[in-house]
Amino acid sequence: MKEKILEKASDMFLNLGFKSVTMDDIAHEMGISKKTIYAHFPTKQELVQATTFFVLEKVHDTICMVCSAKHDPIKEIFTIKTMVNDQLKNEKSSPSYQLQKYYPKIFKQLKEEQFQSLNLCIEDNLKRGIKEEYYRKGIDIDLITRFYLSGIMNLSNREFFPSETYRLPDLKDAFLEYHVRAIATEKGLKTLSNILRK
């Protein structure tokens, strides 16, 4: 039951937003009593926290699955973006923004976990990209990893990217293209062009 609640809550939070979805809404959607939810999650804050890390774990598993497929490094980061977007429902309700606004402590924890989860993946992607000649030799792997993580984690910042002007999926596409163009070899740029054409 606990896992079913997390599945339903994560689906509703990602589609409708952390703020607007109530415990009553989740209970109604599941056809259970609110008391059943409270037996597992005594407060909405606890449910939000559990749901956030439940989704993060699923995203982490997806990233690991894509990385284990050993695509070329450029295809790998675009595949990760597509699959994670699908899992996050293309972030229709701006969950990161709502989490930051209404649950800042949970948001801070999430950012720290995200950094740890993505850090090794991006480092590995860069090392492989250099070895396979998709990325230029001599780039500072630690610095580029930090540039990447800083950039990708701040795309949902509405002060920089107001939602009425910028769509998050478009921002992610533009950011990945920007990232690859900054470090790619000629071989990498050809691969990027093929991906962008598709």
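Participant: It is not clear to me how the confidence of the model for the protein chain should be interpreted in this structure. Could you clarify?
Facilitator: Close inspection of predicted coordinates is inappropriate for parts of the model with low pLDDT. In the predicted model, the protein chain carries a mean pLDDT of 92, and the fraction of residues at 70 or more is 98%. At the level of individual helices and strands, the protein chain shows its lowest average pLDDT in helix H6 (residues 95-102), which scores 84, and its highest in helix H10 (residues 186-197), which scores 97.

Participant: What exactly am I supposed to notice about the packing of helix H7 (residues 104-131) against helix H8 (residues 141-153) here?
Facilitator: Between two packed helices, the angle of one axis relative to the other and the distance separating the axes together describe the packing. In contact at an axis separation of 9 Å, H7 and H8 are set at 130 degrees when each is read in the N-to-C sense. Classified by the interaxial angle, the pair formed by H7 and H8 is oblique. Pair H7 / H8 crosses with right-handed handedness. Taking contact as the criterion, the partners of Lys111, Gln114, Phe115, Leu118, Asn119, Ile122, Glu123, Leu126, Lys127 and Ile130 in H7 are, on H8, Ile141, Ile144, Thr145, Arg146, Tyr148, Leu149 and Met153. Grouping the constituent residues of the contact of H7 with H8 by class yields ten nonpolar, three polar and four charged.

Participant: Just checking my understanding: could you explain the packing of helix H1 (residues 2-16) against helix H4 (residues 44-68) for this structure?
Facilitator: It is at 9 Å that the axes of H1 and H4 come closest, and there the two elements cross at 90 degrees. Regarding the angle of H1 to H4, the classification is roughly perpendicular. Residues Glu3, Ile5, Leu6, Glu7, Ala9, Ser10, Phe13 and Leu14 of H1 touch H4, and the partners they reach there are Lys44, Leu47, Val48, Ala50, Thr51, Phe54, Val55 and Lys58. Residue classes in the contact of H1 with H4 are distributed as ten nonpolar, two polar and four charged.

Participant: What exactly am I supposed to notice about the packing of aromatic side chains here?
Facilitator: Each pair of aromatic rings is reported with the distance of its centres and the angle of its planes. Counted according to the given criterion, the structure contains four aromatic pairs. Note on phenylalanine 161 and tyrosine 166: the rings are 5.6 Å apart at their centroids and 90 degrees apart in plane angle, and the pair reads as edge-to-face. Using a relative accessible area of 26% as the deciding quantity, one classes phenylalanine 161 as partly exposed. Here the aromatic residues Phe160, Phe161 and Tyr166 are joined through ring pairs into a cluster of three or more. Just above the ring of tyrosine 134 sits the side chain of lysine 187; from NZ or CZ to the centre is 4.3 Å.

Participant: Please explain the nonpolar core as it appears in this structure.
Facilitator: Of all hydrophobic cores here, the largest spans 33 residues; its most connected members are Ile63, Phe78, Ile80, Leu126, Tyr135, Ile139 and Val180. Looking at this core, the elements with two or more residues in it are H4, helix H5 (73-87), H7, H8 and helix H9 (168-183). When sequence neighbours within four positions are dropped, the list of residues in contact with valine 180 reads Ile74, Ile77, Phe78 and Leu192. Judged by nonpolar contacts, the second largest core, of 21 residues, contains Met12, Phe13, Ala27 and Leu56.

Thresholds, definitions, all that
Residues numbered from 1 in each chain as written. Predicted model: local features only at pLDDT ≥ 70, side-chain atom pairs only at ≥ 80, totals over all residues. Heavy atoms only, no water. pLDDT = per-residue confidence, 0-100. Helix = DSSP H or I, 4+ residues; strand = E, 2+ residues; numbered from the N terminus. Axes fitted to C-alpha atoms, helices over the stretch in contact; angles between N-to-C directions. Parallel < 35°, antiparallel > 145°, perpendicular 65-115°, else oblique. Left-handed = near helix turned anticlockwise from the far one by under 90°. Contact = heavy atoms within 4.5 Å. Nonpolar A, V, L, I, M, F, W, Y, C, P; charged D, E, K, R; others polar. Phe/Tyr/Trp six-rings, centres within 6.5 Å; stacked < 30°, edge-to-face > 60°. Buried < 20%, exposed > 50% of the residue type's maximum accessible area, 1.4 Å probe, protein only. Lys NZ or Arg CZ within 6 Å of the ring centre and 35° of its normal. Core = buried A, V, L, I, M, F, W, Y, C linked by side-chain atoms within 4.5 Å.

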